[in-house]
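Report on the structure
These are the residues of each chain, in order.
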Amino acid sequence: MTTPRLPPSSPSPLKSFLRARLARDHHLGLPLTTGLMAVLSTALLFALIAYEVATKGALTRLDQQLADWFNQRAFSPLTELVLGYTHLHGTIGVLVMGALLLRHMVRARQWAWVADLALVLPGGMLFNYTLKHVFARMRPSFEDPILVLHSYSFPSGHTIGATLLYAVLAAYLLNQSALLATLGARLRLGHAGVQRFVVAAALLLVGLTAFSRVYLGAHFLSDVLGAMLLGTAWFALWTTAVFTIQRHYWTMSRSN
């Protein structure tokens, strides 16, 4: 006598949900999951720094000590070099560089990247400007300042501008196979090597911008850390949204 076969059990709703969130070929799968995780983690870290600033916690005491340390040790010609670099990443400089990148994307007909850059760069800088007035934090003050600025300090506008610009640029380059191959050939790097180079260059440029603001006494350490986290969260939010929508319509067009 043979035992009747039972029909295979269907996976639980939770397992099905998790499997769908980790699927690489679904518009609501792994790219969306990792993007949302990046948004939530960086936004949470920004909120912690913002709380420290608002409540004048331990981080603000470190802020003042570090600001005084740099102010007492600033020297020429480093100060002039840092001034030149920081002015390049002011509002006008970042928007001009963003416009040049936008022009390239339009000529290449990369419409999803055009939308992403338009949402990320000017939108993020405007949001940061709004937050400055919400927190209304005064800038560092010294007996012998290098720069005297009368606008609010937290978060750093120069730093978030650089974060947004170079995040979009790095992400764009990492998704352009032909550009990566050309860059890799000129630098004599393999595919993985040129990817690491692009990411490292973006991090270096953002880090130098943040350093310039603290060195010149224009911002506290928490101002630039907050700006980098806020910029990363804003970039991840809109980039995830734009390319989730793009994958959705691409999937629909294939099914039709």
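Residues numbered from 1 in each chain as written. Predicted model: local features only at pLDDT ≥ 70, side-chain atom pairs only at ≥ 80, totals over all residues. Heavy atoms only, no water.

What about the pattern of salt bridges?
- Evaluation of the coordinates by the stated rule reveals two salt bridges.
- For the salt bridge of aspartate 63 with arginine 137, the shortest nitrogen-to-oxygen distance reads 2.9 Å. On the criterion of sequence distance, the pair formed by aspartate 63 in helix α3 (residues 58-73) and arginine 137 in the loop between α6 (111-135) and α7 (157-174) is long-range, its members being 74 residues apart. Here aspartate 63 and arginine 137 have matching classes, each one buried. (Salt bridge = Lys/Arg side-chain N within 4 Å of Asp/Glu carboxyl O. Helix = DSSP H or I, 4+ residues; strand = E, 2+ residues; numbered from the N terminus. Buried < 20%, exposed > 50% of the residue type's maximum accessible area, 1.4 Å probe, protein only.)

Overview of the environment of leucine 102
- Its place among the elements puts leucine 102 in helix α5 (residues 91-107).
- For leucine 102, a relative accessible area of 29% puts it in the partly exposed group.
- The spacing of leucine 102 and alanine 118 is 16 residues in sequence and 8.0 Å in space, taken between C-alpha atoms.
- Other than its neighbours up to four places away in sequence, leucine 102 contacts Val114 and Leu117. (Contact = heavy atoms within 4.5 Å.)

Details of the packing of α5 against α6
- At their nearest, the axes of α5 and α6 sit 9 Å apart, and the two run at 170° to each other. Our classification of the angle between α5 and α6 gives roughly antiparallel. Judged by residue contacts, Thr91, Val94, Leu95, Gly98, Leu101, Leu102, Met105 and Val106 of α5 engage Trp111, Trp113, Val114, Leu117, Leu121 and Met125 from α6.
- Its residues assigned to classes, the contact of α5 with α6 comprises twelve nonpolar, two polar and no charged. (Axes fitted to C-alpha atoms, helices over the stretch in contact; angles between N-to-C directions. Parallel < 35°, antiparallel > 145°, perpendicular 65-115°, else oblique. Nonpolar A, V, L, I, M, F, W, Y, C, P; charged D, E, K, R; others polar.)

What about the nonpolar core?
- Ranked by internal contacts, the top residues of the largest apolar core, which has 38 residues, are Phe46, Met105, Leu121, Leu164 and Val168.
- Taken together, the elements giving at least two residues each to this core come down to α2 (30-55), α5, α6, α7, α9 (191-215) and α10 (221-255).
- Considering every element that reaches this core, the biggest residue donor is α7, with nine residues.
- For phenylalanine 46, the residues in contact, after removing those within four places along its chain, are Leu131, Phe154, Pro155, Gly226, Leu229 and Leu230.
- Counting residues in each nonpolar core, the second largest holds seven residues, with Val82, Ala210, Leu216 and Val224 among its members. (Core = buried A, V, L, I, M, F, W, Y, C linked by side-chain atoms within 4.5 Å.)

What to know about helix α4 (residues 78-88)
- Here α4 has its buried residues at Thr79, Val82, Tyr85 and Thr86. Down the axis of α4, the sector holding all buried residues measures 130°, keeping them to one side. Pointing more than 90 degrees away from the buried face of α4 are the exposed residues Leu81 and His87.
- As for α4, its buried residues are in contact with α7 and α9. (Arc of directions from axis to C-beta.)

Description of the side chain of serine 153
- Tracing the backbone shows serine 153 in the loop between α6 and α7.
- Here serine 153 is in contact with Lys132, Arg137, Met138, Arg139, Pro140, Ala218, His219, Phe220 and Asp223, once residues within four sequence places are set aside.

Considerations on a nonpolar patch on the surface
- Judged by side-chain polarity, Leu44, Leu45 and Leu48 come together as a nonpolar surface patch covering roughly 300 Å² of accessible area.
- Here leucine 44 lies in helix α2. (Patch = residues over 30% accessible without salt bridge, like charges linked within 9 Å, V, L, I, M, F, W, Y side chains within 5 Å. Areas by Shrake-Rupley, 256 points an atom, 1.4 Å probe, with all protein chains shown as cover.)

Here we look at the environment of valine 242
- Positionally, valine 242 belongs in helix α10.
- Valine 242 sits in the buried class, given a relative accessible area of 13%.
- Each C-alpha atom, one on valine 242 and one on alanine 112, is 6.7 Å from the other, the two residues being 130 residues apart in sequence.

Considerations on α9
- Compared with the 36 Å implied by 1.5 Å per residue over 25 residues, the 36 Å span of α9 between its first and last C-alpha is a close match.
- Considered for burial, the residues of α9 that qualify are Gly193, Val194, Val198, Ala202, Val206, Thr209, Ala210, Ser212, Arg213, Val214 and Tyr215.
- A positive backbone phi angle near 75° is found at glycine 217, which sits one or two residues after α9. (Expected span 1.5 Å × (residues − 1).)

Regarding the packing of aromatic side chains
- Applying the stated criterion across every chain yields a total of ten aromatic pairs.
- Ring centres of tryptophan 113 and tyrosine 172 lie 5.6 Å apart, and the angle between their planes is 80°; this geometry places the pair in the edge-to-face category. Linking tryptophan 113 in helix α6 with tyrosine 172 in helix α7, this pair joins segments that are 59 residues apart in sequence. For the pair tryptophan 113 and tyrosine 172, one class covers both residues: buried.
- An angle of 55° between the planes, with centres 4.7 Å apart, marks the rings of tryptophan 113 and phenylalanine 243 as tilted. In this pair, tryptophan 113 sits in helix α6 while phenylalanine 243 sits in helix α10, placing the two residues 130 residues apart along the sequence. Across this residue pair, the class does not change: tryptophan 113 and phenylalanine 243 are buried. (Phe/Tyr/Trp six-rings, centres within 6.5 Å; stacked < 30°, edge-to-face > 60°.)

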